Amino acid sequence: MIAKLTPAERSELLPTLPEWAVDEGRDGITRKFAFADFVEAFGFMTRVALLAEKADHHPEWSNLYNRVEILLTTHDAGGLSRRDVDLARAIDALI
Ligand SMILES: C[C@H](O)[C@H](O)[C@H]1CNC2=NC(N)=NC(=O)C2=N1
């Protein structure tokens, strides 16, 4: 069972993800991306999907034409966990 991050872990790890904002209501982290067009956005989503499947950790997301919004939270933990931090870091590395 994966655990939620402790307050100390959050203070340590969240500053390492400056592009991500905390969604307090969902206890997750979000980031918005904008691309040149739909093909670029969907290509990015495909790369994220492969990362997510490899990690067995999946984003909640939406896509509108060239924009993609991702929310990472851990359903099994009921909130933000290290898996979200790790996936966010891997997503950042794609950009
Ligand atoms: C059985 C499987 O490992 C789990 O359901 C995984 C799949 N992907 C997941 N993704 C996310 N975001 N949270 C989870 O708790 C989760 N659990």
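Looking at an unreviewed UniProt entry, one finds the protein named Putative pterin-4-alpha-carbinolamine dehydratase and attributed to Sphingomonas chungangi. Per UniProt, the protein has the following entry under Sequence similarities (unreviewed entry): "Belongs to the pterin-4-alpha-carbinolamine dehydratase family."

A. Local environment of unusual backbone geometry. Of note in this structure, Asp-56 is not a glycine but carries a positive phi near 50°. Within the secondary structure, Asp-56 sits in the loop between helix H2 (38–55) and strand E3 (60–64). Phi angles above zero are rare outside glycine, and Tyr-65 is one such case at about 50°. Here Tyr-65 lies in the loop between E3 and strand E4 (67–72).

B. Local environment of the pairing of strand E2 (residues 28–34). Counting buried residues along E2, five of its seven residues qualify, which places the element largely inside the surrounding structure. Where strand E1 (residues 21–23) lies against E2, three bridges are found, and the strand directions are antiparallel. Note that in E2 the partner of Val-22 across the bridge is Ile-29. Between the end of E1 and the start of E2, which pair antiparallel, lie four residues, with Asp-27 showing a positive phi angle near 50°. Alignment of E2 against E4, held across six bridges, turns out to be antiparallel. When the bridges of E4 are listed, Arg-31 appears paired with Ile-70.

C. Layout of helix H3 (residues 82–92). Within the span of H3, buried status applies to Asp-84, Val-85, Leu-87, Ala-88 and Ile-91. Angularly, the buried residues of H3 cover 170° about the axis, an arc narrow enough to put them on a single face. On its buried face, H3 is in contact with helix H1 (7–13), E2, H2 and E4.

D. Spatial organisation of the packing of aromatic side chains. Across all of its chains, the model carries five aromatic pairs by this definition. On the basis of an interplanar angle of 75° and a centroid distance of 6.3 Å, the ring pair of Trp-20 and Phe-33 is categorised as edge-to-face. Of the two residues, Trp-20 is situated in the loop between H1 and E1 and Phe-33 in strand E2; the sequence distance between them amounts to 13 residues. An identical accessibility class is assigned to Trp-20 and Phe-33; each is buried. Grouping aromatic residues by their ring pairs yields a cluster made of Trp-20, Phe-33, Phe-35 and Phe-44.

What counts, and at which threshold
Residues numbered from 1 in each chain as written. Predicted model: local features only at pLDDT ≥ 70, side-chain atom pairs only at ≥ 80, totals over all residues. Heavy atoms only, no water. UniProt positions renumbered as here; feature names shortened; annotations may be inferred. Helix = DSSP H or I, 4+ residues; strand = E, 2+ residues; numbered from the N terminus. Buried < 20%, exposed > 50% of the residue type's maximum accessible area, 1.4 Å probe, protein only. Pairing = 2+ DSSP bridges. Arc of directions from axis to C-beta. Contact = heavy atoms within 4.5 Å. Phe/Tyr/Trp six-rings, centres within 6.5 Å; stacked < 30°, edge-to-face > 60°.

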